[in-house]
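Structural overview for review
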Amino acid sequence: MDKYNLKCPIRKANPYRRMAKALKTNSVADNILNREFEEHGARKVLLTDITYIPYNGQFCYLSTILDAFTKQILSYVLSDSLEVDFVLETVEMLIKEHGIELTKETLIHSDQGCHYTSISFTKLVKDKGLRQSMSRKANCWDNAPQESFFGHMKDEIDLSGCQKYREVKAIIDDWMDYYNNERYQWQLAKLSPNEYYNYITTGVYPLGDV
């Protein structure tokens, strides 16, 4: 190799794989939810997950918490790192904005990803008085409404012109506001998620007779 000036590239270890190994614990929660997404009403079943957002040859990461009954996004955090902190921040934001609406029966349901089995996440959920539930291994149907939400979002946003993280964040922020307040859904009595929540809690239908 020296004679012909050849060099052998050394593939570096994937830092996120190391992180996943470091975070992984055996604390996998039971699938308490059992796909009963809408049977228990608002603020009883909260779904959470992470999705990768590609832009300009790189990635950022979106963590969300969705009310399975009202389809509202109750909190979300966009991050340029997969470190566990942004998932914890999503829960902290949930409690800050909606903690008064939650009860000791509220479930927070996720997959078995390393963020959700980490000691820091399971402790935070317990400290906040929430019950933890997890999908069965490699079974996306156990968290189907959350997966569907990410699919619709990626179909509707356009990040092709984004060069920087802050540009992606601005688009995500705008779309989240549109989704919660203006994106009408047939199964929500033809209302947006926020309008539907107000309707079921006040009994006042904003569009007149149903």
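The following refers to the structure shown. (Residues numbered from 1 in each chain as written. Predicted model: local features only at pLDDT ≥ 70, side-chain atom pairs only at ≥ 80, totals over all residues. Heavy atoms only, no water.)

Re the overall build of the protein
- For the protein, the helix and strand inventory stands at seven helices and five strands.
- When the helices and strands of the protein are read in sequence order from the N terminus, they spell out α-β-β-β-α-β-α-α-β-α-α-α.
- Taken across its 210 residues, the protein has 43% of its residues classed as buried.
- When the accessible surface of the protein is summed, it comes to about 12,300 Å², and 51% of that surface belongs to carbon and sulfur atoms. (Helix = DSSP H or I, 4+ residues; strand = E, 2+ residues; numbered from the N terminus. Buried < 20%, exposed > 50% of the residue type's maximum accessible area, 1.4 Å probe, protein only. Areas by Shrake-Rupley, 256 points an atom, 1.4 Å probe, with all protein chains shown as cover.)

Details of the pairing of strand β2 (residues 58–67)
- Counting buried positions along β2 yields eight of ten residues, so the element is predominantly enclosed.
- Here ten bridges tie strand β1 (residues 45–55) to β2, and the two strands are oriented antiparallel to one another. Within β2, the residue paired with P54 across the bridge is F59.
- From the end of β1 to the start of β2, which pair antiparallel, there are two residues, and N56 there has a positive phi angle of about 45 degrees.
- Pairing of β2 with strand β3 (residues 73–79) involves six bridges; the strand directions are antiparallel. Its bridge partner being in β3, L66 is matched across the sheet by I73.
- From the end of β2 to the start of β3, which pair antiparallel, there are five residues, and K71 there has a positive phi angle of about 65 degrees. (Pairing = 2+ DSSP bridges.)

A closer look at the nonpolar core
- Grouped together as the largest cluster of nonpolar side chains are 24 residues, with contacts concentrated most on I53, L62, F149, M153, V168, I172 and M176.
- The element that contributes the greatest number of residues to this core is helix α6 (residues 165–181), accounting for five residues.
- In contact with L62, not counting residues within four places along its chain, are D49, I50, T51, I53, Y76, V77, L78, F86, F150, M153, I172 and M176. (Core = buried A, V, L, I, M, F, W, Y, C linked by side-chain atoms within 4.5 Å. Contact = heavy atoms within 4.5 Å.)

Some remarks on the pattern of salt bridges
- Evaluated as defined, the whole model comprises ten salt bridges.
- Between D67 and R43 there is a salt bridge, with its nearest N and O atoms 2.8 Å apart. Residue D67 is located in strand β2, and its partner R43 is located in the loop between α1 (15–23) and β1; the two are separated by 24 residues in the primary sequence.
- Judged by relative accessible area, D67 falls into the buried class, the value being 0%.
- The network of salt bridges with common partners includes R35, R136 and D142. (Salt bridge = Lys/Arg side-chain N within 4 Å of Asp/Glu carboxyl O.)

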